[in-house]
Amino acid sequence: MAERYYSVEQVAEVLGLHVKTVRGYVRDGRLRATRIGRQYRIAAEDLEAFTGRPATTPARGGPHAETSAIVRIDGIGREAVIRLANTVMAAAGSRPRDGGTLRVETVYDEERASLKVIVLGDLGGTAELLKIIDLLVDEEP
């Protein structure tokens, strides 16, 4: 059985990321890839290992919408960050897979007591996650 390979552009489309971000993951060694000439190819197996879910071929044809959001939360302590980040990551990972993608990254600047939550993905999933973040922030003292 022949191995399926994806271009960096296809992986970026599947993950809802910018092509430069995917190339950075490859250069950093976070995403395994094979260099063929001047281009990278990512095996379906490596993409599945990276995402933790089966690789899908990007849909072509009909309209498709995605969004990115950065939420900045100021005046938040380390314990609250850990609680909020764990809850948000769990919520993002537990949502039903309806074909959309959803990726979440968190960056905490302890010196400024500022947390940034970066959400990339389909509109519905991102909207749900933003509501959860709003509820969690309102609960913090």
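Please refer to the structure placed before this passage.
Rules used throughout
- Residues numbered from 1 in each chain as written.
- Predicted model: local features only at pLDDT ≥ 70, side-chain atom pairs only at ≥ 80, totals over all residues.
- Heavy atoms only, no water.
- Pairing = 2+ DSSP bridges.
- Helix = DSSP H or I, 4+ residues; strand = E, 2+ residues; numbered from the N terminus.
- Axes fitted to C-alpha atoms, helices over the stretch in contact; angles between N-to-C directions.

> Outline the pairing of strand E5 (residues 102-109), supporting the account with residue identities and numerical values.
Successive side chains on a regular strand alternate, one facing one side of the sheet and the next facing the other. Pairing of E5 with strand E6 (residues 114-122) involves eight bridges; the strand directions are antiparallel. Bridging across to E6, Glu-105 finds its partner in Ile-118. Two successive antiparallel strands, E5 and E6, enclose a turn made up of four residues, where Ala-113 displays a positive phi of approximately 55°.

> A description of the sheet that holds strand E4 (residues 66-74) should follow, citing residues and the corresponding values.
What the three strands build is an open sheet, ordered E4-E6-E5; its pairing is antiparallel. The open sheet has two edge strands, E4 and E5, and neither has a second partner. Across the sheet, the axes of successive neighbouring strands diverge by a mean angle of 10°, strand direction being ignored. In this sheet, E6 lies alongside E4 in antiparallel orientation, the contact comprising nine bridges. Residue pairing for E6: Arg-72 is matched across the bridge by Lys-116.

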